[in-house]
Amino acid sequence: MMRKIGMLLFGALSVSASAGEYYRWVDENGTLHFSDSPPSASLELEVELGTIPLPAQGASNVASPATPKAPPIPDAPEAPPLASSISLLSPGDEATIRSNEGSITLNISTDLPLGKNQSVRAVIDGKKQPASKGASLTLTNVDRGTHTIKVQLLQDGKVIAASHSVTVYLHRATKKKALPPGKPSPR
């Protein structure tokens, strides 16, 4: 019911507003009143209602955001640093090695970890051994005697660094072949 009265009142005000003047006031109880006749005690205020111009078609008063800058293209990742020097840690120079199997284990060190296209190899008495990715190499079935050993750092199969050479003495027990029966041994 109250809603219908409010709608009727609003409709009446809109007719009266379009027809001329209307009055609004708040009484001592805080109630808001609208009327086409002024209240008994009132102040007259003159209010001009103007029109708000609308933007012309095609023009826009709305500020559009600037086109965002594209994120920077990251630089190509730098290749990780590669090993560039190699050292033979053991055996030391003039070392005597006792191995009946004829094995010599080489412990090596590089300044940086080996890259994916890098490897190391041993060279014993000028003969190149197979390349490896490990930090230690084992030479097998080496004959007894004096040997010169060094290690090389390879990149794409090419030598880029070499260690100093060491001399080692391999002691290896060998079995003497038994003489065939019935033959005297030479003296």
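Residues numbered from 1 in each chain as written. Predicted model: local features only at pLDDT ≥ 70, side-chain atom pairs only at ≥ 80, totals over all residues. Heavy atoms only, no water.

Identification of the chain as DUF4124 domain-containing protein from Grimontia kaedaensis is taken from an unreviewed UniProt entry.

Please clarify how the overall build of the chain should be interpreted in this entry.
Check the secondary structure of the chain and you find one helix and eleven strands. The linear arrangement of helices and strands in the chain, starting from the amino end, is α-β-β-β-β-β-β-β-β-β-β-β. By the burial criterion, 20% of the 187 residues in the chain qualify as buried. Partitioning the intrachain contacts of the chain with sequence separation of at least 6 by distance along the chain shows that 54% fall at a separation of at least 24. Just so you have it, the chain exposes about 15300 Å², and 56% of that area is on carbon and sulfur atoms. (Helix = DSSP H or I, 4+ residues; strand = E, 2+ residues; numbered from the N terminus. Buried < 20%, exposed > 50% of the residue type's maximum accessible area, 1.4 Å probe, protein only. Contact = heavy atoms within 4.5 Å. Areas by Shrake-Rupley, 256 points an atom, 1.4 Å probe, with all protein chains shown as cover.)

Where do I start with the pairing of strand β10 (residues 158-162) in this structure?
For a regular strand, side-chain orientation follows a simple rule: the groups alternate between the two sheet faces. Where strand β9 (residues 145-155) and β10 come together, four bridges link them in antiparallel fashion. Its bridge partner being in β10, Q152 is matched across the sheet by A162. (Pairing = 2+ DSSP bridges.)

Help me understand the sheet that holds strand β8 (residues 136-139), please; the structure alone is not making it clear to me.
Read across the open sheet, the three strands follow the order β3-β5-β8; overall the sheet is antiparallel. The open sheet has two free edges, formed respectively by β3 (86-90) and β8, since each of these has just one partner strand. Sheet twist, expressed as the average angle between the axes of neighbouring strands with direction ignored, equals 35°. Where β3 meets strand β5 (residues 104-110), four bridges bridge the pair, whose relative direction is antiparallel. In the strand pairing of β5, S87 is matched with S109. (Axes fitted to C-alpha atoms, helices over the stretch in contact; angles between N-to-C directions.)

Teacher, can you tell me more about the confidence of the model for the chain here?
Per-chain confidence: the chain averages 80 in pLDDT, with 75% of residues scoring 70 or above. The secondary-structure element of the chain with the lowest mean pLDDT is helix α1 (residues 2-19), recorded at 51, while strand β7 (residues 127-128) shows the highest, at 95. (pLDDT = per-residue confidence, 0-100.)

What's the story with the nonpolar core in this structure? I'm lost.
Generally speaking, soluble globular proteins have nonpolar side chains that are buried together. By size, the foremost hydrophobic cluster in this structure holds 21 residues, and its most contacted members are I104, L106, L139, I149 and V151. Counting only elements with at least two residues in this core, the list comes to β3, β4 (95-98), β5, β6 (118-124), β8, β9 and β11 (166-171). When near neighbours in sequence (up to four residues on either side) are disregarded, L106 contacts L88, S90, P91, A122, A135, S136, L137, L139, I149 and V151. (Core = buried A, V, L, I, M, F, W, Y, C linked by side-chain atoms within 4.5 Å.)

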